[in-house]
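Spelled out from the first residue to the last, the chains are:
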Amino acid sequence: GEDKVYFDADALPEELSISQWRTGDVMIPFGKTSAVHLKKFFEAKKLDSAAKGSTPVVRTPSGEIIWIPGVRRANFANIGPAAKRIAFFSIVREL
């Protein structure tokens, strides 16, 4: 899954927030150019409603979703040859 992700640290905003996903939320997945409803990602992962309800999203200050931990990362702050600093995020799940 997508329990660990890397971003170009210099392309990230200074602050990010973690929130619950909302009906109608969209994200442009890594490697793509058009937005997809989060519901599609959850269906592809075969998450039940309880799992969907407890899945957080990481957002920019403008509300753009850049990562759904354990599900998918966005096409945002991608690491390229010019990247000087890399930000690493991971999620740890309780057993």
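Data block above holds the structure.
What you see is a predicted model, and the numbers here were worked out from it, not measured in a lab.

J.: Sorry if this is basic, but what is going on with unusual backbone geometry here?
T.: Trans peptide bonds make up the majority, and among non-glycine residues the majority have a negative phi. Of note in this structure, K46 is not a glycine but carries a positive phi near 60 degrees. By secondary structure assignment, the location of K46 is in the loop between α1 (38-44) and α2 (49-53). In this structure, A77 is a non-glycine residue whose phi angle is positive, near 50 degrees. By the element assignment, A77 lies in the loop between β7 (72-73) and β8 (86-90).

J.: Please clarify how a nonpolar patch on the surface should be interpreted in this entry.
T.: A surface patch of nonpolar side chains, about 400 Å² in accessible area, is lined by Y6, I79, I86 and F88. Residue classification places I79 among the partly exposed positions, given a relative accessible area of 42%.

J.: Can you walk me through the nonpolar core in this structure?
T.: Nonpolar side chains in soluble globular proteins generally cluster together in the buried interior. F7, L12, M27, L38, I66 and I68 are the most contacted members of the largest nonpolar core, which has 19 residues in total. Elements represented by at least two residues in this core include exactly β1 (4-8), α1, β5 (56-59) and β6 (65-68). It is β6 that provides the largest number of residues to this core, a total of four residues. Excluding its chain neighbours within four sequence positions, the residues that come into contact with I66 are F7, L12, L16, M27, V58, T60, R73, A74 and F76.

Cut-offs applied
Residues numbered from 1 in each chain as written. Predicted model: local features only at pLDDT ≥ 70, side-chain atom pairs only at ≥ 80, totals over all residues. Heavy atoms only, no water. Helix = DSSP H or I, 4+ residues; strand = E, 2+ residues; numbered from the N terminus. Patch = residues over 30% accessible without salt bridge, like charges linked within 9 Å, V, L, I, M, F, W, Y side chains within 5 Å. Areas by Shrake-Rupley, 256 points an atom, 1.4 Å probe, with all protein chains shown as cover. Salt bridge = Lys/Arg side-chain N within 4 Å of Asp/Glu carboxyl O. Buried < 20%, exposed > 50% of the residue type's maximum accessible area, 1.4 Å probe, protein only. Core = buried A, V, L, I, M, F, W, Y, C linked by side-chain atoms within 4.5 Å. Contact = heavy atoms within 4.5 Å.

These figures come from the coordinates and say nothing about function on their own.
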